[in-house]
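A look at the structure
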Amino acid sequence: IKRVEVGKRTRKMPPLPKKSVQYSHLVNDSTLKGLTIFENNKMLAKRPPLSALISVQRNLNPLSMDAKYTQGATLKSLLLYGLTNNLDIHIARNEAKAARYRYLSSLGQFLPDVSLGDNQIWAKGTLGLPLNGGNGINLTGPFMIAHAGFTHHVYQGGRILFGARQSKHQANALNASFHAGYSDTLTSIARHYYNLVLEETVLQIRTRAADTSEEEVRVATERFENGSGTNLDVLQARTQLSSDRQNLLEQQVVRRQAAIELASILNYDLNLDLQPSDSIGRIQLIRKDAEIDDLLKVAVKSRAELKQLSEQEKASKAKIRVIASRLHPTVDLGGSVYGLGKEPSNVDP
């Protein structure tokens with residue numbers, strides 16, 4: 001029997017996998033001041049350091065991903081920019097103005113129609129009219145007939161009255177639609193902005209989670225090498241680190257997508273990476289003692305969509321009366337004045 005002696009082995013785990021960038025160490029880390037906290041009833045969100053993120057390429061900013069440049073923005077500046085450059089708001093505003101002018105045009109039908117005319121006829125001979133002592137008028141040139149008159153629509157079966165009411169309700173409906181779009185645009189911009197703030201705050205949490213997991217791997221490895229830990233502890237710590245690094249990379253992508261969606265709503269350049277610059281404050285929108293009935297009344301009164309539908313219903317009822325007016329008789333009142341004349345040089349004595 002051949003005896004083979006096996007030397008004493010050292011318990012040592014393989015080194016950690018190489019990272020594209022170095023994490024900031026959790027211990028004695030000056031960036032701990034950048035944690036999301038509430039101060040004076042406001043949440044202060046600070047961007048994580050680039051060294052704490054994961055970069056796919058060396059020349060690619062891990063925070064803004066494919067963006068070429070970064071710009072800070074406040075919620076107020078984004079709302080003002082959106083109101084100025086949003087195409088839907090401009091279209092709705094112009095449609096409301098056009099409907100207003102159509103309503104004013106329908107009011108003009110209550111006034112009488114005025115007609116003016118002037119006819120010139122080239123004639124030669126005698127025009128038999130009770131003028132010039134009954135001898136008529138000798139013509140050797142142009143003969144002019146001028147007239148002025150009016151036509152007043154006394155009764156049209158309600159077409160003019162209900163047509164004006166229909167135009168009025170249509171104008172009110174489009175005006176309410178404009179205010180609804182105005183409100184929806186502001187709400188959409190604010191929602192995307194706060195979503196960007198949320199994703200950037202979650203990115204901070206993912207960054208700290210990855211830092212903590214890496215420190216746990218170091219601690220588990222040192223305990224294993226000193227004989228006070230097990231291989232299972234090290235493997236579990238490495239698994240948690242891999243999971244946190246994957247979550248951090250995915251969160252970087254989600255954060256960049258939130259910035260792209262906000263820029264798309266504002267018609268911004270998509271190469272621009274928007275950075276929130278506001279401190280988010282705690283605001284109580286609804287009183288604690290508010291009743292559901294009061295909230296419903298406020299919602300019914302404030303929602304422009306409900307007013308739009310109500311005005312559209314009134315316009316439809318007025319349109320029924322306009323169509324029914326075709327079955328009614330109409331009464332028109334008119335009058336005209338005619339004038340006859342010719343140039344004095346063309347009158348034969």
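Look up: the structure comes first, before these words.
So, here's what we can say about the structure. (Residues numbered from 1 in each chain as written. Predicted model: local features only at pLDDT ≥ 70, side-chain atom pairs only at ≥ 80, totals over all residues. Heavy atoms only, no water.)

Let us now look at the packing of helix α3 (residues 159-225) against helix α6 (residues 304-324). It is at 8 Å that the axes of α3 and α6 come closest, and there the two elements cross at 160 degrees. By the criterion of interaxial angle, the relationship of α3 to α6 is roughly antiparallel. Regarding α3 and α6, the two cross each other, and that crossing is left-handed. (Axes fitted to C-alpha atoms, helices over the stretch in contact; angles between N-to-C directions. Helix = DSSP H or I, 4+ residues; strand = E, 2+ residues; numbered from the N terminus. Parallel < 35°, antiparallel > 145°, perpendicular 65-115°, else oblique. Left-handed = near helix turned anticlockwise from the far one by under 90°.)

Here the structure, examined in full by the defined rule, presents eight salt bridges. A salt bridge links Asp211 to Arg208; its shortest N-O distance comes to 3.8 Å. Of this pair, Asp211 and Arg208 are both found in helix α3, three residues apart, which corresponds to roughly one turn of the helix. The partner of Glu215 in a salt bridge is Arg218, with the nearest N and O atoms 3.6 Å apart. In this pair, Glu215 and Arg218 are both assigned in helix α3, three residues apart and thus about one turn of the helix distant. Under the relative-accessibility criterion, Arg218 is labelled partly exposed at 26%. Salt bridges sharing partners connect three or more residues here, namely Glu200, Arg255, Arg256 and Asp273. (Salt bridge = Lys/Arg side-chain N within 4 Å of Asp/Glu carboxyl O. Buried < 20%, exposed > 50% of the residue type's maximum accessible area, 1.4 Å probe, protein only.)

An α-helical turn contains 3.6 residues, so any two residues separated by three or four positions project in the same direction. Taking 1.5 Å as the rise per residue, α6 with 21 residues should run 30 Å; its terminal C-alpha atoms sit 31 Å apart, in good agreement. Contacts from the buried residues of α6 go to α3 and α5 (292-302). (Expected span 1.5 Å × (residues − 1). Contact = heavy atoms within 4.5 Å.)

On the surface, Val114, Leu116, Phe150, Val154, Tyr155, Val331 and Leu333 cluster together into a nonpolar patch covering about 690 Å² of accessible area. At the level of elements, β4 (113-127), β5 (137-155) and β8 (331-342) are the ones that each hand at least two residues to the nonpolar patch. With three residues, β5 is the largest single contributor of residues to the nonpolar patch. If you trace the backbone, Leu116 turns up in strand β4. A relative accessible area of 71% places Leu116 in the exposed class. (Patch = residues over 30% accessible without salt bridge, like charges linked within 9 Å, V, L, I, M, F, W, Y side chains within 5 Å. Areas by Shrake-Rupley, 256 points an atom, 1.4 Å probe, with all protein chains shown as cover.)

A few words on the environment of Tyr193. Position of Tyr193 among the secondary structure elements: in helix α3. As for Tyr193 and Leu75, which are separated by 118 residues in sequence, their C-alpha atoms are 7.0 Å apart. Dropping the residues within four chain positions of it, Tyr193 is found in contact with Ala73, Thr74, Leu75, Leu78, Leu262, Pro276, Ser277 and Asp278.

Core analysis: the largest hydrophobic core is formed by 16 residues, its most contacted members being Leu78, Tyr193, Leu196, Leu262, Leu266, Tyr268 and Leu274. Residue assignment for this core shows that the elements contributing at least two residues are α1 (75-85), α3, α4 (231-265) and β6 (272-276). By residue number, the principal contributor to this core is α3, which donates five residues. For Leu262, the residues in contact, after removing those within four places along its chain, are Leu78, Ile189, His192, Tyr193, Leu196 and Leu274. Among the nonpolar cores identified, the runner-up in size contains six residues, and Ala220, Phe224, Ala237 and Leu241 belong to it. (Core = buried A, V, L, I, M, F, W, Y, C linked by side-chain atoms within 4.5 Å.)

α3 packs onto α1 with a crossing angle of 140 degrees between their chain directions and a minimal axis gap of 10 Å. One way to sum up the angle between α1 and α3 is to call them oblique. The two elements α1 and α3 cross, and the hand of that crossing is right-handed. Taking contact as the criterion, the partners of Leu75, Leu78, Leu79, Gly82 and Leu83 in α1 are, on α3, Tyr182, Leu186, Ile189, Ala190, Tyr193 and Tyr194.

Right, let's get into a positive patch on the surface. Together, Arg100, Arg165, Lys168, Lys314 and Arg321 make up a region of like positive charge exposed at the surface. Contributing elements (two or more residues each) for the positive patch: α3 and α6. Inspection of the secondary structure assignment puts Lys168 in helix α3. Classification of Lys168 by relative accessible area gives partly exposed; the value is 39%. (Lys, Arg positive; Asp, Glu negative; His and termini not counted. Charge placed at Lys NZ, Arg CZ, Asp CG, Glu CD.)

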